[in-house]
Amino acid sequence: MLDIYHILAGSADEVIQNYNNLVGKPSLPPFWALGFHQSSWQYNSTDVLRDVVKNYTSNGFLFDTIWVDIPYMDAYKDFTVNTPAFGDIKGFAAELHGNNNYIVPIIDAAIGFGQDSKGTDWFKTGQDMNVFIKSSKNPGLFEGSLIGKVWPDHAAYVDFMHPNSTKYW
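Because the structure is predicted, anything quoted here is derived from the model rather than measured.

S.K.: What should I look at first to understand the environment of lysine 149 in this one?
M.R.: Looking at the element boundaries, lysine 149 is found in strand S5 (residues 147-150). A C-alpha to C-alpha distance of 8.8 Å links lysine 149 and alanine 110, two positions 39 residues apart in sequence.

This is the structure:
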C-alpha cells in the first residue's frame, strides 16, 4: 500500500510548513552535539583521555565532547569496562560534565560470546530472551541467530524490533 499526498501551497515555505504539520516537526539535537568532538581508537586509558582533554583546552582549542572507542570495554564486550585501564571512567565523566563537556562511549551492535570478567554472559542472556536477529542459513546453530565476526570475535546482533530488546539492552 502506498499513500500519496499532494501538498498545494503558495510558496516553498508553506509547502515545508504543511509537510511538517503532516508528519511532525523534527527534533533538534542537544546543543553540545553540534559542537567540537574528538575521537580516536588509540585512547587506551582514562589517563590518556584526561591528557587529550587537557591538551585541547590548555591550548585554546574549542572542545565539547570526547568519544571513547571500544578499548574501554572488557575484551570488547558491550556493557563492560576494562577496569585496569578505565577504572575511573565515571570520575572522568563527572569531571567533563563539571566543565560542561561530554563523553560518548561507543557501543557496538554485536554481542560477543562468553562471559565477561564479572561472570555475566550477555550472549546467553540474549539467547534466553530470544532477542537476536535470526538467520535461515544455519537454523540449527545458536538457536538460529545470525552470527558475525567482529571485535569480540563471534557475535550476535540484537533485533531491536523484538518486544524484549529494550529490556535486554
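S.K.: Which parts of the structure should I look at to understand the pattern of salt bridges?
M.R.: Close approach of charged atoms allows side chains with opposite charge to pair. Within the structure shown, the criterion is met by four salt bridges. Aspartate 88 is the salt-bridge partner of arginine 50, the closest N and O atoms lying 2.5 Å from each other. Of this pair, arginine 50 sits in helix H2 (residues 46-58) while aspartate 88 sits in the loop between helix H3 (83-86) and helix H4 (89-98); the two residues are 38 residues apart in sequence, bridging distant segments of the chain. Assessed through its relative accessible area of 38%, aspartate 88 is described here as partly exposed. In the salt-bridge network here, residues are joined through shared partners; they are Arg50, Asp88 and Glu95.

S.K.: Is there a simple way to explain helix H5 (residues 122-129) in this structure?
M.R.: For an α-helix the count is 3.6 residues per turn, leaving residues at separations of three or four pointing the same way. Along H5, the positions that sit buried rather than exposed are Phe123, Gly126 and Gln127. Buried residues of H5, seen end-on, are gathered within an arc of 100° and therefore sit on one face of the element. Contacts made by the buried residues of H5 are with strand S4 (110-112), S5, strand S6 (153-157) and helix H6 (165-168). Of the residues trailing H5, asparagine 130 is marked for its positive phi of about 60°.

S.K.: What should I look at first to understand unusual backbone geometry in this one?
M.R.: With the exception of glycine, most residues fall at negative phi, and the peptide bonds are largely trans. Even without a glycine there, the phi angle at tyrosine 76 is positive, about 60°. In the Ramachandran plot, glutamate 143 falls in the positive-phi region, its phi being about 55° despite a non-glycine side chain. Among the structural elements, glutamate 143 can be located in the loop between H5 and S5. With relative accessibility at 53%, the residue glutamate 143 sits in the exposed group.

S.K.: Help me understand the sheet that holds S4 in this model?
M.R.: In any sheet, the strands associate via hydrogen bonds between backbone groups, in a parallel or an antiparallel arrangement. As summarised here, the arrangement of the three strands in space is S4-S6-S5, forming an open sheet in which the pairing is antiparallel. At either margin of the open sheet sits one strand with a lone partner, and together these are S4 and S5. Going across the sheet, the axis of each strand differs from the next one's by a mean of 50°, ignoring polarity. Examined bridge by bridge, S4 and S6 share three bridges and lie antiparallel to one another. Across the sheet, glycine 112 pairs through a bridge with alanine 155, a residue of S6.

S.K.: I'm lost on the packing of aromatic side chains in this one. Help?
M.R.: Between two aromatic rings, the relevant description is the distance of the centres plus the angle of the planes. Overall, the coordinates contain 15 aromatic pairs when judged by the stated rule. With a centroid separation of 5.3 Å and an interplanar angle of 55°, the aromatic rings of tyrosine 76 and tryptophan 151 are classed as tilted. Here tyrosine 76 is found in the loop between strand S2 (65-68) and H3, whereas its partner tryptophan 151 is found in the loop between S5 and S6, with 75 residues between them in sequence. Residue class for tyrosine 76 comes out partly exposed when judged on its relative accessible area of 25%. Ring-pair connections join several aromatic residues into one group, and the members of that group are Phe79, Phe113, Trp122, Phe123, Phe132, Phe142, Phe160, Tyr168 and Trp169.

S.K.: When you look at the nonpolar core in this model, what are you seeing that I'm missing?
M.R.: Where a protein is soluble and globular, its nonpolar side chains tend to be buried together. Of all hydrophobic cores here, the largest spans 16 residues; its most connected members are Leu49, Ile66, Phe92, Leu96 and Ile103. Those elements that place two or more of their residues in this core are H2, S2 and H4. Among the elements that line this core, the one with the most residues is H4, at four residues. Residue contacts for isoleucine 103: discarding those within four places in its chain leaves Thr65, Ile66, Val68, Ile89, Phe92, Ala93, Leu96 and His97.

Analysis parameters
- Residues numbered from 1 in each chain as written.
- Predicted model: local features only at pLDDT ≥ 70, side-chain atom pairs only at ≥ 80, totals over all residues.
- Heavy atoms only, no water.
- Helix = DSSP H or I, 4+ residues; strand = E, 2+ residues; numbered from the N terminus.
- Salt bridge = Lys/Arg side-chain N within 4 Å of Asp/Glu carboxyl O.
- Buried < 20%, exposed > 50% of the residue type's maximum accessible area, 1.4 Å probe, protein only.
- Arc of directions from axis to C-beta.
- Contact = heavy atoms within 4.5 Å.
- Pairing = 2+ DSSP bridges.
- Axes fitted to C-alpha atoms, helices over the stretch in contact; angles between N-to-C directions.
- Phe/Tyr/Trp six-rings, centres within 6.5 Å; stacked < 30°, edge-to-face > 60°.
- Core = buried A, V, L, I, M, F, W, Y, C linked by side-chain atoms within 4.5 Å.

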